[in-house]
Amino acid sequence: YKDEDKSYTEFKIHENLADYNESKLKHPLPKGLIYRVFIVLRYLAKLLLFDKIGKFGTSPGRVLLTMIVTFMLFASAYYPLQEIPHFHNSMSGNSLQTGIQQHGCTLEDAAYFSAYNMLIIGYEDYHPSGITGILSVFESFIGLFLMSYFTVAFVRKVLR
């Protein structure tokens, strides 16, 4: 199966490169400058997303490693922001009062918040605001993509 994966990966790399070269020939410079930039960006996105991250769906381990690195990068981005409001619950008599308490963000809070975003579990304990809210949207989208990509790569390995 390793040879099959290697052959498939090489085929997809060359297919992507051939598509790129064919698109360049269809839109020569200078008329097609904007489209040429789009072609280069599309080629680089395919190279990064499909080849480097998961070897075209043949390496679930590489996708999992990318998920871990992404989680750590976002956690380290949340930590210095110090703006993750924390939901706290307090019992007052028979009623449960919920409020928002602003506190300094610890490294554990940032990692916890990042894991919730990456796994798209939801905001039970924390509510993003400001730049943290914008970052959390990007992290959720990346997490959804990487979990789907991991599932595809893993199922591909299991089914063979």
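What you see is a predicted model, and the numbers here were worked out from it, not measured in a lab.

Caption draft 1: Broad picture of the overall build of the protein. Secondary structure assignment for the protein yields five helices and two strands. In the protein, the succession of α and β elements from N to C terminus is α-α-α-β-β-α-α. Counting only contacts in the protein whose residues sit at least 6 apart along the sequence, the fraction spanning at least 24 positions is 59%.

Caption draft 2: Up close: the side chain of T9. Within the element layout of this structure, T9 appears in helix 1 (residues 2-26). With relative accessibility at 7%, the residue T9 sits in the buried group. Setting aside anything within four residues of it in sequence, one finds T9 in contact with D51, K55, F56 and T58.

Caption draft 3: Molecular detail of the packing of aromatic side chains. According to the stated counting rule, one finds nine aromatic pairs in the structure shown. Taking the centre distance of 5.7 Å and the plane angle of 35 degrees together, the rings of F145 and Y149 count as tilted. Of the two residues, F145 and Y149 are both situated in helix 5 (residues 131-159); the distance of four residues between them amounts to about one turn of the helix. Accessibility expressed as a relative area gives 30% for F145, which makes it partly exposed. An aromatic cluster is built from F50, F56, F145 and Y149, whose rings are joined through pairwise contacts. Of note, R156 hangs over the ring of Y8, and the distance from its end group to the ring centre comes to 4.4 Å.

The rules behind these values
- Every chain's residues receive numbers from 1 upward, in the order its sequence appears when written.
- Only residues with pLDDT of 70 or above have their local features reported here, since the model is predicted, and side-chain atom pairs are shown and tallied only from 80 upward, although totals for entire chains, interfaces and linings are computed over all residues.
- Each side-chain value is derived from all of the structure's non-hydrogen atoms; neither hydrogens nor water enter the calculation.
- Helix numbers and strand numbers start at the N terminus; a helix is a DSSP run of H or I with at least 4 residues, a strand a run of E with at least 2.
- Here a residue-residue contact requires only that any non-hydrogen atoms of the pair lie within 4.5 Å.
- Working definition: with a 1.4 Å probe on protein chains only, accessible area under 20% of the residue-type maximum means buried, over 50% means exposed, and in between means partly exposed.
- Pairs were defined over the aromatic rings of Phe, Tyr and Trp, the Trp ring being its six-membered one, requiring ring centres within 6.5 Å. Orientation was assigned from the angle between planes: stacked under 30 degrees, edge-to-face over 60, tilted for the rest.
- Should the NZ of a Lys or the CZ of an Arg lie within 6 Å of a ring centre and within 35 degrees of the ring normal, that charge is described as sitting over the ring.

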